[in-house]
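# Structural features, examined
If you want the building blocks of each chain, they are given just below.
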Amino acid sequence: MLGSTDKTHYTEEDGTLEELMDASSSNAYTWLNMKTARSERLLSQTVLSTGRVKQEREGFVDYWYQEGTVDDSRAFDLRGLRQDWSLDFSDRHVLTWGFDVRQQEASYDYTSHAVVRDPFFLGDGQPHVTDRDYHLDPQGNSYGVYVADRFRVAKPLVVEIGARWDRQTYTGHDDQLSPRVTLSWDLSERATLRVAWGQYDQAQHINELQVSDGITTFWPAQRAEHRLVSLEYDLWKDYNVRAELYHKKLTDVRPHYENLFNPIEIFPEIEADRILVAPDRSRAEGVEVMLRRNGGRRFSWGLSYAYARAEDDIDGAWVPRSWDQRHSVNFSVNYSPTDVWNFNLSGAYHTGWPTTGITAEVVYDDAGNAYIVAH
């Protein structure tokens, strides 16, 4: 069982109350897990699950250039059954399969009112008013079935071929079929080369409806084609290094909303700089090197470095995503002095996310009215 709750109260004042937000969320999950050995070679695992998530936000902003209110209440319920099977024919051949069924219900009660007076965003000089009022109750099921066959072709080569089928009844879109292939080649006693290709479909979850931005229907599933080459090498006792080169190509990319100037806002959907980002396609690629030391039960550590990029194709031009980061470093150190104590220190660093400089000028129309135009 898992339960959690969060509450947030935020105010901003400058003589008068300019911003206020009260937010809360609660989560409750229960799992029942049963592992069964049907025989020495046939194993199964069955998981029953239930969950409920509730989220609420309300408050306002009040400035000379903008004002608005938000009242957002959401709740989600799910019940699931998952079963995984494994049949070990021999040391050279293993077959796995399974299914996943979820029944899901959601409720969205959302209202907002926004007035923008900022001259930077007003091309015609008139205040822009946006009102939204949605009360939605989507419900439906999601189904998934998969199968994978892993077999040894020759002493150094292992091949795994698999596929997964998914369907969501609440989205109103077609089902998805995702094939996958992995090759593992033992180059020597210390070195292993892995090559993988697969298609992965990511459907929008029932709790991800973008009602705060005026979207009341679910987007089709995103499709990603993954290519991966990995080389793993045992340097010496307890030390291991792995290098991975990957490329992901995304199609049917789900549009999303971002804030141009300030990505951290208490009510981002009512800000004047809210825009829709709708790429024609996307890609992510990079290389990662990981060094690990496993010293047994007492001491271990890991260090990784990645060079990567994530870009969207927008109107024929590749543009870095807002969370694109060229360089990143992660480390973790773990120490267990006794059987009942464990200490861990970990950290992460990455270079900054991309920003775009902006300038503006005041222009005048034929009537002498002044406008601010951004470049």
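See the structure shown above.
These remarks concern the structure in this document. (Residues numbered from 1 in each chain as written. Predicted model: local features only at pLDDT ≥ 70, side-chain atom pairs only at ≥ 80, totals over all residues. Heavy atoms only, no water.)

Scanning the entire structure with this criterion turns up nine aromatic pairs. Taking the centre distance of 5.9 Å and the plane angle of 20° together, the rings of Tyr29 and Trp31 count as stacked. When the ring of Tyr170 is compared with that of Phe218, the centres are 5.2 Å apart and the planes differ by 70°; the resulting orientation is edge-to-face. With Tyr170 in the loop between strand 8 (157-168) and strand 9 (176-186) and Phe218 in the loop between strand 10 (191-202) and strand 11 (222-236), this residue pair connects regions lying 48 residues apart in the sequence. A relative accessible area of 8% places Phe218 in the buried class. Cluster of aromatic residues (ring-pair linked, three or more members): Tyr63, Trp64 and Tyr65. (Phe/Tyr/Trp six-rings, centres within 6.5 Å; stacked < 30°, edge-to-face > 60°. Helix = DSSP H or I, 4+ residues; strand = E, 2+ residues; numbered from the N terminus. Buried < 20%, exposed > 50% of the residue type's maximum accessible area, 1.4 Å probe, protein only.)

A separate point is the nonpolar core. Within the largest apolar cluster, 19 residues are counted, with the highest numbers of intra-cluster contacts made by Val61, Tyr108, Phe267 and Ile270. Sorting the residues of this core by element identifies strand 2 (16-37), strand 3 (42-62), strand 4 (66-90) and strand 5 (93-116) as the ones contributing at least two each. When residues in this core are grouped by element, the largest group, four residues, is from strand 5. If near-sequence neighbours (up to four positions away) are discounted, Tyr108 is found in contact with Ser73, Arg74, Phe76, Tyr134, His135, Leu136, Pro138, Ile206, Asn207, Glu208, Leu209 and Val211. (Core = buried A, V, L, I, M, F, W, Y, C linked by side-chain atoms within 4.5 Å. Contact = heavy atoms within 4.5 Å.)

Sheet faces and side chains relate simply in a regular strand, where the side chains alternate between the two faces. Here strand 20 (residues 360-364) runs beside strand 21 (residues 370-374); their pairing, made up of five bridges, is antiparallel. The residue of strand 21 that forms the bridge with Tyr364 is Ala370. (Pairing = 2+ DSSP bridges.)

Even without being a glycine, Asp238 presents a positive backbone phi close to 75°. Its place among the elements puts Asp238 in the loop between strand 11 and strand 12 (239-251). Look at Asp238 and you get partly exposed, because its relative accessible area is 32%.

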